[in-house]
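Geometric and topological summary
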Amino acid sequence: MKYAIGIDIGGTKVAGGLVDAAGNVTHVTRLPSKASDREGMFTVVCRVIEQVLQESQLSASEVAVGVGVPGLVDRARGIAVFQNNVAWENFPLVARLREAFPTIGNIAIDNDVYQATRAEWNYAGLSGDEVLVYLTVSTGLSCAIMSGGEFIRGNGFAGELGLIPLKEENGQIYTVEQSAAGPALAERGKEAYNDGTVTAEEIFRRYRLGEPKAREVVAAWSRDVSRAIYMVVSLLDPQKIVFGGSVLTMNPDLLPLLKTKLTEWIVPAQEHSISSLSISPYPNTGGIIGAGLHALS
């Protein structure tokens, strides 16, 4: 197979595109999800595949298909086991795709964050025993780890950085995700401005305008993010840490701030970690590319 259709499934949209072995993507298609409709969601996935085939003028027999699914995935059996934003509990995705496209080549599925990490590894050009950590910061916070081109999966749940307890305030323990993901930033903003309509985007806008309250909110949030980064640095000392997710890919000017905050934690032997941080070059297509590369491999 020279080409694969990479599919990135989310609660709001299903995105797909034609991916080659070098990680180039063309004919990108996006359709709204039907996240609460089990069969309707599958129909959307099929329509994305059909549209990419039509636009690329390829037949199903000429492509493989890779799919990134949120949540827990049984890769061996091709089942989407559980997702909190898609109604696909124990959904036999690979078998259903085989029924819908009987002539298609290889079909591979994995968690969507892992698929995006494949794209980052391909772009970074790392090799040997080098380590890459892909860290997403959006409505949630998670990460995936690759070493020598292979994932570190543990018993299957490795990389759940967002679940780690980070701090205690007013008798309540907050995890990394509860402290550092996009909704946490929005909650800080609502409290600071006493305004329940404030969003993370609005906080960043006011931050760039130099408003003191917004600067305080972003400073506190970035400190929590830097603590999470420091956990990764101390445990893995990776050659590369790449940020994905809407919070940072849409606000790349925050990267210098995170690097500055990280210097508050690192010891001299870890100073090289500052230069290991970068923003994903694939703000909208990493999941597609990684899923396609997975199918081609």
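Residues numbered from 1 in each chain as written. Predicted model: local features only at pLDDT ≥ 70, side-chain atom pairs only at ≥ 80, totals over all residues. Heavy atoms only, no water.

**Re the overall build of the protein**
A tally of helices and strands in the protein yields 10 helices and 14 strands. For the protein, the C-alpha radius of gyration of 20 Å lies close to 19 Å, the compact-globule estimate for 297 residues. Expressed along its principal axes, the backbone C-alpha trace of the protein runs to roughly 60 × 45 × 35 Å. Taking all 297 residues of the protein together, the buried fraction comes to 52%. Put simply, 61% of the contacts in the protein that link residues at least 6 apart link residues at least 24 apart. By element, 50% of the accessible surface of the protein is carried by carbon and sulfur atoms, the whole surface being about 13600 Å². In the protein, which carries 25 positive and 32 negative side-chain charges, the distance between the mean positions of the two groups comes to 3 Å. (Helix = DSSP H or I, 4+ residues; strand = E, 2+ residues; numbered from the N terminus. Rg over C-alpha atoms; globule rule 2.2 N^0.38 Å. Buried < 20%, exposed > 50% of the residue type's maximum accessible area, 1.4 Å probe, protein only. Contact = heavy atoms within 4.5 Å. Areas by Shrake-Rupley, 256 points an atom, 1.4 Å probe, with all protein chains shown as cover. Lys, Arg positive; Asp, Glu negative; His and termini not counted. Charge placed at Lys NZ, Arg CZ, Asp CG, Glu CD.)

**Topic: helix 3 (residues 112-124)**
For helix 3, spanning 13 residues, the distance from its first C-alpha to its last is 19 Å, which sits close to the expected 18 Å at 1.5 Å a residue. Extensive coverage of helix 3 is indicated by the burial of 10 of its 13 residues. Among all positions of helix 3, only D112, V113, Y114, Q115, A116, T117, R118, A119, E120 and W121 are buried. Two residues or fewer after helix 3 comes G125, characterised by a positive phi angle close to 70°. (Expected span 1.5 Å × (residues − 1).)

**Let's talk about the domain arrangement of the protein**
Taken domain by domain, the protein comprises domain 1 (3-117 + 285-296) and domain 2 (125-279). Counting residues at the interface gives six residues for domain 1 and 10 residues for domain 2. Here domain 1 and domain 2 share an interface that buries about 790 Å² over both sides, 63% of which is from carbon and sulfur atoms. Three residues, V113, Y114 and T117, lead the burial of domain 1 against domain 2; their summed loss comes to 75% of the area buried on that side. Seen at the junction of domain 1 and domain 2, the total is one salt bridge. Counting across the interface, domain 1 meets domain 2 through two residue pairs in polar contact (both at pLDDT 80 or more). Among the elements that make up the side of domain 1 that touches domain 2, the one with the highest residue count is helix 3 (four residues). The class makeup of the residues in the side of domain 1 that touches domain 2 is three nonpolar, one polar and two charged. (Domains from an automatic or database assignment. Buried area = accessible area lost by both parts, 1.4 Å probe. Salt bridge = Lys/Arg side-chain N within 4 Å of Asp/Glu carboxyl O. Polar contact = N/O pair within 3.5 Å; in protein donor to acceptor, adjacent residues only side chain to side chain. Nonpolar A, V, L, I, M, F, W, Y, C, P; charged D, E, K, R; others polar.)

**What to know about the packing of helix 5 (residues 182-193) against helix 7 (residues 212-236)**
Where helix 5 meets helix 7, the closest approach of the two axes is 10 Å, and the angle between their N-to-C directions is 150°. In terms of crossing hand, the pair formed by helix 5 and helix 7 is right-handed. Residues L185, R188, G189, A192 and Y193 of helix 5 touch helix 7, and the partners they reach there are K213, A214, V217, V218, A220, W221 and D224. (Axes fitted to C-alpha atoms, helices over the stretch in contact; angles between N-to-C directions. Left-handed = near helix turned anticlockwise from the far one by under 90°.)

**Overview of the sheet that holds strand 7 (residues 107-111)**
Taken together, five strands build an open sheet; the order of strands is 3-2-1-4-7 and the sheet is mixed. Of all the strands in the sheet, the pair left with one neighbour each is strand 3 (25-32) and strand 7. Each strand axis lies, on average, 15° off the axis of its neighbour in the sheet, ignoring direction. Pairing analysis gives seven bridges linking strand 1 (residues 3-9) to strand 2 (residues 13-20), with the strands arranged antiparallel. Among the inter-strand pairings, G6 is bridged to a residue of strand 2, identified as G17. Here helix 1 (residues 38-56) sits on the sheet and contacts strand 1, strand 2, strand 3 and strand 4 (63-69); the angle it forms with strand 3, its principal contact strand, is near 150°. (Pairing = 2+ DSSP bridges.)

**Things to note about the layout of surface pockets**
Considered as a void within the structure, the second largest pocket measures approximately 250 Å³ in volume. What lines the second largest pocket is simply K167, E169, Y174, Q178, S179, A184, E187, R188, E191 and A220. Among the elements of the structure, strand 11 (165-169), helix 4 (176-180) and helix 5 are those that each provide at least two residues to the lining of the second largest pocket. Here the element with the most residues in the lining of the second largest pocket is helix 5; it accounts for four residues. Taken together, the residues that form the lining of the second largest pocket break down as three nonpolar, two polar and five charged. (1 Å grid on protein atoms, 1.4 Å probe; cavity = no way out; pocket = protein on both sides within 12 Å on 5 of 7 lines; lining within 4 Å. Points joined across faces, edges and corners; volume = space filled by probe spheres on them.)

**Considerations on the packing of aromatic side chains**
Throughout the structure, instances matching the rule amount to five aromatic pairs. Pairing Y123 with Y282 gives two aromatic rings, centres 5.7 Å apart and planes at 80°, and the pair type is edge-to-face. Remark: Y282 occurs in the loop between strand 14 (277-279) and helix 10 (286-296) and Y123 occurs in helix 3; sequence separation between them is 159 residues. By relative accessible area, Y282 is classed as buried at 16%. Cluster of aromatic residues (ring-pair linked, three or more members): F42, W88 and F91. When the ring centre of F42 is taken as origin, the NZ or CZ atom of R96, which lies over that ring, is 4.5 Å away. Over the ring of Y193 we find R206, and its NZ or CZ is 4.3 Å from the ring centre. (Phe/Tyr/Trp six-rings, centres within 6.5 Å; stacked < 30°, edge-to-face > 60°. Lys NZ or Arg CZ within 6 Å of the ring centre and 35° of its normal.)

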